[in-house]
Amino acid sequence: YDFTHALLRAPARSVTQGLRDGDHDDPAYDDVLTEHTAYAEALRALGLTIEILEPLEAFPDSIFVEDPALVFGESAILLNPGASTRAGEAAAILPALEQRFPQVLRLAEGFVDGGDVLVTPGEVLIGLSARTDRAGAEALIAVLDRLGRKGRIVVTPANVLHFKTGCGLIDEETVAVVAELDDAAIFGSLRRIVVPAEEAAGANLLRVRDTVLLGTGFPQLRDLVEACGVSTRTLPIAEIGKIDAGLSCMSLRW
Ligand code: CIR
């Protein structure tokens, strides 16, 4: 999480039609833009160099750049988002990756959304979900292997969209998890802090340099994170929450 750069994509007006599982109202474009701007400012204030790509009207969910790619230092991995309306986001982000990364690797087959991928200090956890299938997860493990990283397949709980909807790294030893992910078989030696059920929507927190970014409205979670000795900053996420998104989704970081 000692990032120096982040790549974002401005929301398109079509973001109001973003995918969602429940029957949430459409988010308002202006309010999504406000949340996106606050997010970009927070990353900038933490010292990151931010680049914001042009909005893509054809892809309502393209603001969530975390899903079509993964980035590690000098290398990027182009993923294959598992929702049909998002599949084209991979080709759309490829030129931006090729401009910034000397090496862009691809999956041989299958589907993976970046939201299902949690990079921990020791390994890369890949949650099988409605978006990420076993063929994709295995193809990603093969690509990670070429980069000298170990990938491991885990399972995303049935009631959440992405693996990281339910967890986020607080520090090198500690991960915040929803109750369904409170499992040593998933996180190994990482210490698990269980997010209170009524604040489960805050579990997709984002550690950036010395700070954990958290959605507003999760006071117990904030206390739990600060008790780990990490400072927090809260950001509004009510609008992007209407289309099942959280803080990690809106950037690629390296
Ligand atoms: C979707 O359903 O794909 C979007 N509405 C939300 C994506 C959130 N991305 C993420 O959790 N990484």
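As a reminder, the structure under discussion sits directly above these lines.
Residue numbering note: each chain is counted from 1, following its sequence as written. The predicted origin of the model limits local features to residues at a pLDDT of at least 70 and limits the giving and counting of side-chain atom pairs to 80 or more, whereas totals for whole chains, interfaces and linings rest on all residues. The side-chain numbers reported here are obtained from all heavy atoms of the structure, hydrogens and water having been left aside.

K.L.:
If you had to explain unusual backbone geometry to someone new, which residues and values would you point to?
P.N.:
Although it is not a glycine, Arg 209 sits at a positive phi angle of roughly 55°. Locating Arg 209 in the fold gives a position in the loop between strand E12 (206-208) and strand E13 (211-215). Backbone geometry places Asp 244, a non-glycine residue, at a positive phi of 65°. Numbered from the N terminus, helices here are DSSP runs of H or I no shorter than four residues, and strands are runs of E no shorter than two. Residue placement: Asp 244 occurs in the loop between helix H6 (238-241) and strand E15 (252-253). Assessed through its relative accessible area of 23%, Asp 244 is described here as partly exposed. For the exposure calls, accessible area comes from a 1.4 Å probe over protein chains only, and a residue counts as buried if that area is under 20% of its type's maximum, exposed if over 50%, partly exposed in between.

K.L.:
Talk me through the pairing of strand E2 (residues 49-53); I want residue IDs and the actual numbers.
P.N.:
Think of it this way: DSSP has to see at least two bridges between two strands before they count as a pair. Of the pairings in the sheet, the one linking strand E1 (residues 5-9) to E2 comprises 5 bridges and is parallel in character. In the sheet register, Leu 7 faces E2, and the bridge partner there is Glu 51. Place the viewer so that the strands point away; then a crossover is right-handed whenever the path from the first strand over the helix to the second strand goes clockwise. In this fold, E1 hands off to helix H1 (residues 29-45), which returns the chain to E2; that crossover is right-handed.

K.L.:
Summarise the side chain of Asp 67; cite the residues concerned and give the values.
P.N.:
Relative to the helices and strands, Asp 67 resides in the loop between E2 and strand E3 (69-72). What makes Asp 67 buried here is its relative accessible area of 2%. Within 3.5 Å is the distance limit for a polar contact, defined as a pair of N or O atoms, with the added protein rule that one can donate a hydrogen and the other accept it, and that residues adjacent in sequence qualify only through two side-chain atoms. Within the structure, Asp 67 has its side chain in polar contact with the side chain of Arg 86 (distance 2.8 Å). Setting aside its immediate chain neighbours within four residues, Asp 67 contacts Leu 79, Pro 81, Arg 86, Val 112, Asp 113, Gly 114, Gly 115 and His 162. For this analysis, residues touch if any pair of their heavy atoms sits within 4.5 Å.

K.L.:
Any details on the layout of surface pockets? Residues and values, ideally.
P.N.:
For the largest pocket, the calculated volume is near 780 Å³. Here the term charged refers only to Asp, Glu, Lys and Arg, the term nonpolar to Ala, Val, Leu, Ile, Met, Phe, Trp, Tyr, Cys and Pro, and the term polar to all other amino acids, Gly among them. Taken together, the residues of the lining of the largest pocket break down into 13 nonpolar, 10 polar and 8 charged. Put plainly, a pocket is an open set of points on a 1 Å grid over the protein atoms alone with protein on both sides within 12 Å along at least five of seven lines, a cavity is a set where a 1.4 Å probe fits but cannot get out, and a lining residue has an atom within 4 Å of a point. Grid points are joined across faces, edges and corners, and a volume is the space filled by probe spheres set on the points. Quantified by volume, the second largest pocket comes out at close to 620 Å³. For the second largest pocket, the lining is made up of 30 residues, of which Tyr 1, Phe 3, Val 119, Thr 120 and Arg 253 are closest to its centre. Among the secondary structure elements, those contributing two or more residues to the lining of the second largest pocket are E3, strand E6 (117-119), strand E9 (167-171), E12 and E15.

K.L.:
Quick rundown of the pattern of salt bridges? Include the residues and the values.
P.N.:
Here, a salt bridge means any Lys or Arg side-chain nitrogen found within 4 Å of an Asp or Glu carboxyl oxygen. The tally for this structure, following the rule as stated, stands at 14 salt bridges. Arg 86 serves as the salt-bridge partner of Glu 89, at 2.8 Å between the closest nitrogen and oxygen. Pair check on accessibility: Glu 89 and Arg 86 agree, each one buried. When the shortest N-O distance is used, the salt bridge between Arg 192 and Asp 182 registers 2.6 Å. Of the two residues, Arg 192 is situated in strand E11 (residues 191-194) and Asp 182 in the loop between strand E10 (174-177) and helix H4 (184-187); the sequence distance between them amounts to 10 residues.

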